[in-house]
Every structure is written in structure tokens, then in C-alpha cells.
Amino acid sequence: MYKNRLRPALLYYEELTKRPDLDADEAAREMSRLLVQIGFFQHERLIHLIVTVLFGLATVISIPACLITLEPALMVLGGLFICLLFPYIIHYFHLENGVQQLYLYYNELELKADPKNKKIY
């Protein structure tokens, strides 16, 4: 997800906001397109937050259960939860930071779409 959709979007909007020849009409069109993309990424972010929290809870529950019961199958399950939790956290971290960066690009496009508007974000 991050490498396939978010990273190219970040690179595209980074280049777009750096363009000195970007006029107000094009900036307004790109703002509406970016708003749709942000909506998609926000949905993805919510789903990954839910999955990450559930894996975190499963990990927190399985570790004491492993220590109490000393059941080998439960230890394997706890180990799997721990191994899967870290990639989920890293993925969610990149997703969250990418969406925050898209917000900043949206603000930059907003300033270019209406040059008289001097909002400070």
C-alpha cells in the first residue's frame, strides 16, 4: 500500500507544489483531486489502526497467558503476534506520516489557488 499508492502520491504532490508555473485554476483542480485521495488514505489509515490495535491487544493478552499456562501452542501464537505486530506498527507509522504530509501539500495548494489568502498553518 505505502510503496504502491502513497509514495507515488507524495512524490507527485511534492513536485507539483514546487512548480513555479502552477496557476490558481490548476491548483484548485489538484486540491479537489488531493481531497479525494486523502479520503481514501484516511479510510486505509482507520482500517490499519483497528488491525494494529487488535494485534497489540492479542499480543498483550497472549504473553501473560503463555507465562501462566506454559502451553507450547500458546507460546507459538504469542510469538507470531509479536512478529506481526512490529510490521503493522511500522506500516501504520508510514501511513500516518504520509497522510499528514498530504495535508501539508493540500495547504500549499490552497495558498497557490488563492494567493490573496495568507493563512498560516
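Refer to the preceding data block for the structure.
Residues numbered from 1 in each chain as written. Predicted model: local features only at pLDDT ≥ 70, side-chain atom pairs only at ≥ 80, totals over all residues. Heavy atoms only, no water.

Trainee: Can you tell me about the overall build of the protein chain, naming the residues and giving the values?
Mentor: For the protein chain, the count of helices and strands is three helices and zero strands. If you list the helices and strands of the protein chain from N to C, you get α-α-α. Taking 14 Å as the expected radius of gyration for a compact globule of 121 residues, we find that the protein chain reaches 21 Å, considerably beyond that expectation. With the principal axes as the frame, the protein chain shows a C-alpha extent of 65 × 25 × 20 Å. Considering only residue pairs separated by 6 or more positions, the protein chain has 75% of its internal contacts joining residues 24 or more positions apart. By element, 69% of the accessible surface of the protein chain is carried by carbon and sulfur atoms, the whole surface being about 8,000 Å². Here the protein chain contributes 12 positive and 13 negative side-chain charges, whose respective centroids are spaced 2 Å apart. (Helix = DSSP H or I, 4+ residues; strand = E, 2+ residues; numbered from the N terminus. Rg over C-alpha atoms; globule rule 2.2 N^0.38 Å. Contact = heavy atoms within 4.5 Å. Areas by Shrake-Rupley, 256 points an atom, 1.4 Å probe, with all protein chains shown as cover. Lys, Arg positive; Asp, Glu negative; His and termini not counted. Charge placed at Lys NZ, Arg CZ, Asp CG, Glu CD.)

Trainee: Would you mind going over the packing of aromatic side chains in detail, with residue names and values included?
Mentor: Scanning the model with the defined rule gives three aromatic pairs in all. Between Tyr 12 and Tyr 13, the aromatic rings sit 5.0 Å apart at their centres with planes inclined by 80°, giving edge-to-face as the arrangement. With centroids separated by 5.8 Å and ring planes inclined at 80°, the aromatic side chains of Phe 55 and Phe 81 adopt a geometry described as edge-to-face. Of the two residues, Phe 55 is situated in helix α2 (residues 24-69) and Phe 81 in helix α3 (residues 72-113); the sequence distance between them amounts to 26 residues. (Phe/Tyr/Trp six-rings, centres within 6.5 Å; stacked < 30°, edge-to-face > 60°.)

Trainee: Describe the nonpolar core, and please don't skip the residues or the numbers.
Mentor: By size, the foremost hydrophobic cluster in this structure holds 17 residues, and its most contacted members are Leu 6, Tyr 13, Leu 34, Phe 41, Leu 102, Tyr 105 and Leu 109. Listing elements by their share of this core, those giving two or more residues are α1 (2-18), α2 and α3. Ranked by residues supplied to this core, first place goes to α3 with six residues. (Core = buried A, V, L, I, M, F, W, Y, C linked by side-chain atoms within 4.5 Å. Buried < 20%, exposed > 50% of the residue type's maximum accessible area, 1.4 Å probe, protein only.)

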